[in-house]
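# Residue-level structural notes
What follows is each chain in one-letter form.
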Amino acid sequence: MGKTLSELRQLALVAALMLPAACAGDPAVGTAVQRNIAFQAVDLDPHYAGVPIEGGNGQRSVDAVKRYTSGTVKAPPDTITSAAPK
């Protein structure tokens, strides 16, 4: 055998000491759980500049409720499910 037990231990020690240094350059290593939690969490107080809130137009909502209660709901537009010519 070319290597003695002492040399193998030294090699293993050097490798073990270098392993943390190999991962130290990337700050994202080990943050998978924290990132997943952050992506799945709901923002309970979102602030979107310039984006109207759904149902935020009061007059339009009042008119829609009046049409609904009086039975004169606007018919939805026809939808086309295929791009093929008729």
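Our structure's up above, just so we're on the same page.
Residues numbered from 1 in each chain as written. Predicted model: local features only at pLDDT ≥ 70, side-chain atom pairs only at ≥ 80, totals over all residues. Heavy atoms only, no water.

## Some remarks on the overall build of the protein
Definition in use: Think of it this way: any DSSP run of H or I at least four residues long counts as a helix, any run of E at least two long counts as a strand, and we number them from the N terminus. Each residue's exposure class comes from its accessible area (1.4 Å probe, protein chains only) as a fraction of the maximum for that residue type: buried when under 20%, exposed when over 50%, partly exposed otherwise. Per-residue and other accessible areas follow the Shrake-Rupley method at a 1.4 Å probe size, with only the shown protein chains counted as cover for residues.
A count of helical and extended segments in the protein gives three helices and zero strands. Every one of the 86 residues in the protein was classed for burial, and the buried ones make up 0%. Summed over all atoms, the accessible surface of the protein reaches about 8,600 Å², with 63% contributed by carbon and sulfur.

## As for helix α3 (residues 58–70)
Inclusion rule: Helix span is expected to be 1.5 Å times the residue number reduced by one.
Spanning 13 residues, α3 covers 18 Å between terminal C-alpha atoms, matching the ideal 18 Å at 1.5 Å per step. Two residues or fewer past α3, Gly-71 is found with a positive phi of approximately 85°.

## A closer look at a nonpolar patch on the surface
Put simply, the rule reads: To count toward a patch, a residue needs a relative accessible area above 30% and no salt bridge. Like charges then connect within 9 Å, nonpolar side chains (Val, Leu, Ile, Met, Phe, Trp, Tyr) within 5 Å. By convention in these notes, a salt bridge is any Lys or Arg side-chain nitrogen within 4 Å of a carboxyl oxygen on Asp or Glu.
A contiguous nonpolar surface patch, about 300 Å² in accessible area, is contributed by Leu-5, Leu-8 and Leu-11. The topology assignment puts Leu-11 in helix α1 (residues 5–23).

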